[in-house]
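Chain residues, written in single-letter form:
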Amino acid sequence: NAGVTQTPKFQVLKTGQSMTLQCAQDMNHNSMYWYRQDPGMGLRLIYYSASEGTTDKGEVPNGYNVSRLNKREFSLRLESAAPSQTSVYFCASSGSGPYSNQPQHFGDGTRLSIL
Amino acid sequence: GESVGLHLPTLSVQEGDNSIINCAYSNSASDYFIWYKQESGKGPQFIIDIRSNMDKRQGQRVTVLLNKTVKHLSLQIAATQPGDSAVYFCALKEGFQKLVFGTGTRLLVSP
């Protein structure tokens, strides 16, 4: 009963390095999301994918790119990491339909530090 | 964008008490609301949701109340247990499946 799996769980990067965060879900969900969570703040949406083959910007997309590799997998890439991107990153997925109201289910996060 | 606020950053209760966590929102067009629980080192865990055509919904030991007139959402936890200690977030839907989260309330349960 895995749900949403994120790898790696922890990572330390140097400024300017690149990295891809991986996310996979086994719930046959159409929609997937990437959020970041900073201390004392709620989650902020970076990018989302309403269905396989589509991606859209969220609230804070600058400095990130995403790829919806297939229905199960949605990756987040930092091309040139900056200290401001130090955060905890969460991936989520939810059931289908633009007019459906279904909860998003989250992974346990990737804790990323950029020095 | 949507703004979501919480009345208290921290709520301390005794084990066995009932807990009430509040959330205010500003977008009257929101039609779907969710409460999440987040334990240390974990991702947000879905607790309960409610649609805008409802005022109240009950789950196991939890009740969500929605007052659309004053744009207020609350989560009630009955007979609070130490295992309920966590940060609780309200979230509401903005647009297609996009959720806007509040900043969270930390619930501390003392034995």
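Up top is the structure.
Keep in mind that what you see is a predicted model, and the values were worked out from it rather than measured.

Procedures and definitions
- Residues numbered from 1 in each chain as written.
- Chains lettered and ligands numbered in written order.
- Predicted model: local features only at pLDDT ≥ 70, side-chain atom pairs only at ≥ 80, totals over all residues.
- Heavy atoms only, no water.
- Core = buried A, V, L, I, M, F, W, Y, C linked by side-chain atoms within 4.5 Å.
- Buried < 20%, exposed > 50% of the residue type's maximum accessible area, 1.4 Å probe, protein only.
- Helix = DSSP H or I, 4+ residues; strand = E, 2+ residues; numbered from the N terminus.
- Disulfide = S-S within 2.5 Å.
- Contact = heavy atoms within 4.5 Å.
- Buried area = accessible area lost by both parts, 1.4 Å probe.
- Salt bridge = Lys/Arg side-chain N within 4 Å of Asp/Glu carboxyl O.
- Polar contact = N/O pair within 3.5 Å; in protein donor to acceptor, adjacent residues only side chain to side chain.
- Nonpolar A, V, L, I, M, F, W, Y, C, P; charged D, E, K, R; others polar.
- Phe/Tyr/Trp six-rings, centres within 6.5 Å; stacked < 30°, edge-to-face > 60°.
- Pairing = 2+ DSSP bridges.

**Student:** Help me out: how do you make sense of the nonpolar core in this one?
**Tutor:** All names here are of chain B. One finds Phe33, Trp35, Leu73, Leu75, Tyr88 and Leu107 to be the most contacted residues of the largest nonpolar core, which totals 22 residues. Of all the secondary-structure elements, those providing two or more residues to this core are strand S2 (10-14), strand S3 (19-25), strand S4 (32-38), strand S5 (45-51), strand S7 (62-67), strand S8 (72-77), strand S9 (86-93) and strand S11 (105-110). When residues of this core are assigned to their parent elements, the largest contribution, four residues, is made by S9.

**Student:** Hey, could you run me through the state of the cysteines in this one?
**Tutor:** By definition, a disulfide is the covalent link that joins the sulfur atoms of two cysteine residues. Applying the stated criterion across every chain, the model contains two disulfides over all chains. Paired through a disulfide, A:Cys23 and A:Cys91 show a sulfur-sulfur distance of 1.9 Å. Its S-S torsion of about -75° marks the bond between A:Cys23 and A:Cys91 as left-handed, since a negative value means left-handed. Of this pair, A:Cys23 sits in strand S3 (residues 19-25) while A:Cys91 sits in strand S9 (residues 87-94), and the two are 68 residues apart along the sequence. The same class applies to A:Cys23 and to A:Cys91, which are both buried. The disulfide bridge from B:Cys23 ends at B:Cys90, spanning 1.8 Å between sulfur atoms. Between B:Cys23 and B:Cys90, the S-S dihedral sits near 45°, and the bridge is therefore right-handed. Pair noted here: B:Cys23 is in strand S3 and B:Cys90 is in strand S9, with a separation of 67 residues, a long-range link.

**Student:** Teacher, can you tell me more about the interface of chain A and chain B here?
**Tutor:** How big an interface is tends to be stated in terms of accessible area lost as the parts join. Residue-level contacts link 25 residues of chain A with 21 residues of chain B. For the chain A and chain B pair, buried surface summed over both sides reaches about 1900 Å², with 52% attributable to carbon and sulfur atoms. Across the chain A-chain B interface, the total number found is one salt bridge. We note a salt bridge from B:Lys42 to A:Asp108, for which the minimum N-O separation is 3.9 Å. Linking chain A with chain B are four residue pairs in polar contact (both at pLDDT 80 or more). Mapped by element, the contributors of at least two residues to the side of chain A that touches chain B are strand S4 (31-37), strand S5 (43-49) and S9 of chain A. By residue number, the principal contributor to the side of chain A that touches chain B is S4(A), which donates four residues. Among the residues forming the side of chain A that touches chain B, the class breakdown is eleven nonpolar, twelve polar and two charged.

**Student:** What is the right way to look at the packing of aromatic side chains in this model?
**Tutor:** Each aromatic ring pair is summarised here by two numbers: the centre-to-centre distance and the angle between the ring planes. Applying the stated criterion across every chain yields a total of eleven aromatic pairs over all chains. Ring geometry for B:Tyr25 versus B:Phe33: centroids 4.9 Å apart, planes at 50°, classification tilted. Looking at B:Phe33, the relative accessible area reads 1%, which means it is buried. Members of the aromatic cluster, joined through ring pairs, are A:Tyr33, A:Tyr35, A:Tyr48, A:Phe106, B:Tyr36, B:Phe46, B:Phe89 and B:Phe101.

**Student:** Just to check I follow, could you spell out the pairing of S3(B) for this structure?
**Tutor:** Along any regular strand the residues' side chains alternate between the sheet's two faces. All names here are of chain B. Side chains Ser19, Ile21, Cys23 and Tyr25 of S3 all project onto a buried face; the interleaved residues Ile20, Asn22 and Ala24 project onto a face where none is buried. Note: S3 against S8, six bridges, orientation antiparallel. Bridge pairing links Ile20 to Gln76 in S8.

Purely geometric stuff here, so don't read any function into it on its own.
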